[in-house]
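Read off the chains here:
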Amino acid sequence: MKKTATTLADGRELIYYDSAEGTVRDAVDRRPLDAVATSSEIRRDPLLGDAVAIASHRQGRTYHPPADECPLCPSRDGRLSEIPDDSYEAVVFENRFPSLAGDSGRCEVVCFASDHDASFADLTEDQAALVLAAWTDRTAALSELDQVAQVFPFENRGAEIGVTLGHPHGQIYGYPFVTPRTELMLRSAVAHREETGRNLFEDVVAREIAEGDRIVLTGEHWVAFVPYAAHWPYEVHLYPRTRVADFRGLDDAARAEFPQIYLELLRRFDRIFGPDAPPTPYIAAWHQAPFRAPGREELALHLELFTIRRTPGKLKFLAGSESGMGAFINDVPPETAAERLREVASK
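Counting starts from 1 at the beginning of each chain's written sequence and moves along it residue by residue. Note on the predicted model: pLDDT of at least 70 is required for a residue's local features to be given, and 80 or more for side-chain atom pairs to be given and counted; whole-chain, interface and lining totals, by contrast, use all residues. No hydrogens and no water enter the side-chain calculation; it runs on all heavy atoms of the structure.

What follows concerns the sheet that holds strand 1 (residues 2–7). Should DSSP find at least two bridges between two strands, the strands are taken to pair. Secondary structure elements follow DSSP: runs of H or I no shorter than four residues count as helices, runs of E no shorter than two count as strands, and numbering proceeds from the N terminus. In spatial order, the strands read 1-2-5-6-8-7-12-13-11-10-9; together these eleven strands make up an open sheet with antiparallel pairing. The two strands at the open ends of the sheet, each matched to only one other strand, are strand 1 and strand 9 (215–218). The average angle at which neighbouring strand axes cross in this sheet is 20°, direction not considered. With four bridges connecting them, strand 10 (residues 222–225) and strand 11 (residues 234–240) associate as antiparallel partners. Among the inter-strand pairings, Phe225 is bridged to a residue of strand 11, identified as His237. Every residue pair with non-hydrogen atoms within 4.5 Å of one another is taken to be in contact. Note on definitions: angles span 0 to 180 degrees between N-to-C directions of axes, and those axes are lines fitted to C-alpha atoms, for helices only across the stretch in contact. Sheet strands in contact with helix 1 (residues 125–142) are strand 1, strand 2 (13–18), strand 5 (90–94), strand 6 (106–111), strand 7 (150–157), strand 8 (169–175) and strand 12 (282–287), and its direction is about 140° off that of strand 2. Of the strands in this sheet, strand 9, strand 10, strand 11 and strand 13 (302–307) touch helix 3 (residues 200–211), which is tilted by about 70° from strand 10.

So this is what it looks like as structure tokens:
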């Protein structure tokens, strides 16, 4: 992999990731951009104890532009975009409309491919491996920033999720705090260690493998399953079989197998609701251990992939119980969801 860093016209960092070492990236951002002005502020909720980012500048962010004005496509045919070059493989750059900025963290955009009409599931295995390398590299780089406590790579896919740019891309949030979900996982993992002397995540994976009825697919180095108490209609967790804290801990064998496993999982998601259904909206959320939190060594890198679609034409809304009390109600039994995801395996 070759990594080429450059600066956009307004001073933001952009990094090209290329599979060929000899690739040259010397295009210059010629747009007349003003410096980025942000108003990101972290406030603490006194009742719940969690942090909320207040970012009013995001009201003016790009919203559903036509395809020929997509800011994530390469710069070509006289049209200038966020990516100065006229082609690319994978690119990471600082978000122009970040939720977190400065002392309040960092937000980055990850473009998976230059093809506007592709999705992650359309990538080749080599392209998926390059994205994994980019996630790993950014996790390592952001871990060195004092204002970043935890790194969260994720992909929102589909208008139903709230995606405002159709180009295949994800994001990376560098939070200045440990997120509420991670705090809950830390608490559970530490308590499990005190009660059993074992690691919670290793026990969860071992239970799913032993019971088997919620397993979706397995490899030599990865395993995917619908969790026993799934929150969402179709939800899959993907773990490396050897527990690591974050992307940096994956060995060469796990990295080599990852593209095949992940692409198959995403392709199955698109087949859940039948061949005539539109692409399945989903969130792909990569959980990594925070860098300096007590109990970090108990956590495990894993993916939580889920869709808000519960059946063709119907969405799972977070209504009173979920939004008001944080208590989920799932309409699809996890065992049924796992069976369906096994049925739609690639032939």
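That shown, we press on.
Here the focus is the nonpolar core. Residues enter a nonpolar core if they are buried and are Ala, Val, Leu, Ile, Met, Phe, Trp, Tyr or Cys, with the set joined through side-chain atoms within 4.5 Å. Type-normalised accessible area, obtained with a 1.4 Å probe on protein chains alone, sets the label of each residue: buried when under 20%, exposed when over 50%, and partly exposed for intermediate values. Of all hydrophobic cores here, the largest spans 53 residues; its most connected members are Phe120, Trp135, Val216, Leu238, Tyr262 and Trp286. When residues in this core are grouped by element, the largest group, eight residues, is from helix 4 (residues 252–269). Residues within four places of Trp135 in sequence aside, it is in contact with Val110, Phe112, Phe120, Pro153, Ile172, Phe247, Phe258, Tyr262 and Trp286. Counting 15 residues, the second-largest nonpolar core is a separate cluster that includes Leu186, Leu200, Ile215 and Ala289.

Here we come to the pairing of strand 10. Taking every second residue as pointing to the same face, both faces of strand 10 are buried, with Trp222 and Ala224 on one and Val223 and Phe225 on the other. The pairing of strand 9 with strand 10 spans three bridges and is antiparallel. If you follow Ile215 over to strand 10, its bridge partner there is Phe225.

Taken residue by residue, helix 6 (residues 334–343) has Pro334, Ala337, Ala338 and Leu341 as its buried positions. For helix 6, the angular spread of the buried residues around the axis is 100°, confining them to a single face. Considering only its buried residues, helix 6 is in contact with strand 9, strand 11 and helix 4. The directions from the helix axis to the C-beta atoms are what the arc is built from.

Attention shifts here to helix 1. Helical geometry note: an α-helix holds 3.6 residues per turn, so side chains three or four residues apart project in the same direction. Over its 18 residues, helix 1 runs 26 Å from end to end, which matches the ideal 26 Å to within 8%, given 1.5 Å per residue. Residues of helix 1 that are buried: Ala128, Leu130, Val131, Leu132, Ala134, Trp135, Thr136, Asp137, Arg138, Thr139 and Leu142. In this scheme, a helix's expected span is set at 1.5 Å multiplied by one less than its residue total.

Turning our eyes to something else, we now look at the pattern of salt bridges. The rule for a salt bridge is simple: a side-chain nitrogen of Lys or Arg has to be within 4 Å of a carboxyl oxygen of Asp or Glu. Inspection of every chain in the model, using the stated rule, returns 30 salt bridges. The residue Arg12 makes a salt bridge to Asp10 at a minimum N-O spacing of 2.9 Å. Of the residues examined, Arg12 reaches a relative accessible area of 4% and is grouped as buried. The exposure class assigned to Asp10 is buried, which follows from its relative accessible area of 12%. Linking Lys316 and Glu322 is a salt bridge whose minimum nitrogen-to-oxygen distance equals 2.6 Å. Shared partners join several salt bridges into a network, and the residues in it are Asp10, Arg12, Asp29, Arg31, Glu82 and Arg96.

This part takes up the packing of helix 1 against helix 4. If you want to describe how two helices pack, look at the angle between their axes and the distance between the axes. Across the interface, helix 1 lies against helix 4 with an axial gap of 9 Å and an inter-helix angle of 115°. Where helix 1 crosses over helix 4, the handedness of that crossing is right-handed. Across the interface between the two elements, Glu125, Ala128, Ala129, Leu132, Trp135 and Thr136 of helix 1 pack against Arg255, Phe258, Pro259, Gln260, Tyr262 and Leu263 of helix 4. Gly falls in the polar group here, along with every residue not listed as nonpolar (Ala, Val, Leu, Ile, Met, Phe, Trp, Tyr, Cys, Pro) or charged (Asp, Glu, Lys, Arg). Looking at side-chain class alone, the contact of helix 1 with helix 4 contains eight nonpolar, two polar and two charged residues. Handedness of a crossing is defined here by the sense of rotation of the near helix relative to the far one, left-handed for an anticlockwise turn of less than a right angle and right-handed for a clockwise turn.

With that out of the way, let us pick up the packing of helix 2 (residues 180–196) against helix 3. Contact pair helix 2 / helix 3: the axes reach a minimum separation of 8 Å and the direction vectors enclose 85°. As the angle between them shows, helix 2 and helix 3 are arranged roughly perpendicular. Contact with helix 2, carried on its side by Met185, Ser188, Ala189 and His192, involves Leu200, Phe201 and Asp203 of helix 3 and no other residues of that element. Of the residues belonging to the contact of helix 2 with helix 3, the class tally is four nonpolar, two polar and one charged. Should an angle lie under 35 degrees it is considered roughly parallel, over 145 roughly antiparallel, and from 65 to 115 roughly perpendicular; all remaining angles are considered oblique.

A separate point is the pairing of strand 8. Within strand 8, seven of the seven residues are buried, leaving the element largely enclosed by the surrounding structure. The side-chain alternation of strand 8 yields two buried faces, one formed by His169, Gln171, Tyr173 and Tyr175 and the other by Gly170, Ile172 and Gly174. Here strand 6 pairs with strand 8 via six bridges, running antiparallel. By the bridge assignment, Val109 is partnered in strand 8 with Gln171. Where strand 7 meets strand 8, five bridges bridge the pair, whose relative direction is antiparallel.

Now for the side chain of Thr139. Residue position: Thr139 is located in helix 1. When its relative accessible area of 1% is taken as the criterion, Thr139 is described as buried. Residues adjacent in sequence count toward polar contacts only when both atoms are side-chain atoms; beyond that, a polar contact is any pair of N or O atoms within 3.5 Å, and within protein one must be able to donate a hydrogen and the other to accept it. Among the polar contacts listed, one links the side chain of Thr139 to the backbone oxygen of Trp135, at a separation of 2.8 Å.

Looking now at the state of the cysteines. Here a disulfide denotes one covalent bond, and it connects the sulfur atoms of two cysteines. Cysteine sulfur pairs qualify as disulfides if the two atoms are within 2.5 Å. For the coordinates displayed, the defined rule picks out zero disulfides. Free cysteine Cys73: the closest other cysteine sulfur is in Cys70, separated by 3.9 Å. In this structure Cys107 is not part of a disulfide, and its nearest cysteine sulfur, from Cys111, lies 15 Å away. A relative accessible area of 3% means that Cys107 is categorised as buried.

Keep in mind these numbers describe shape, not what the thing actually does.
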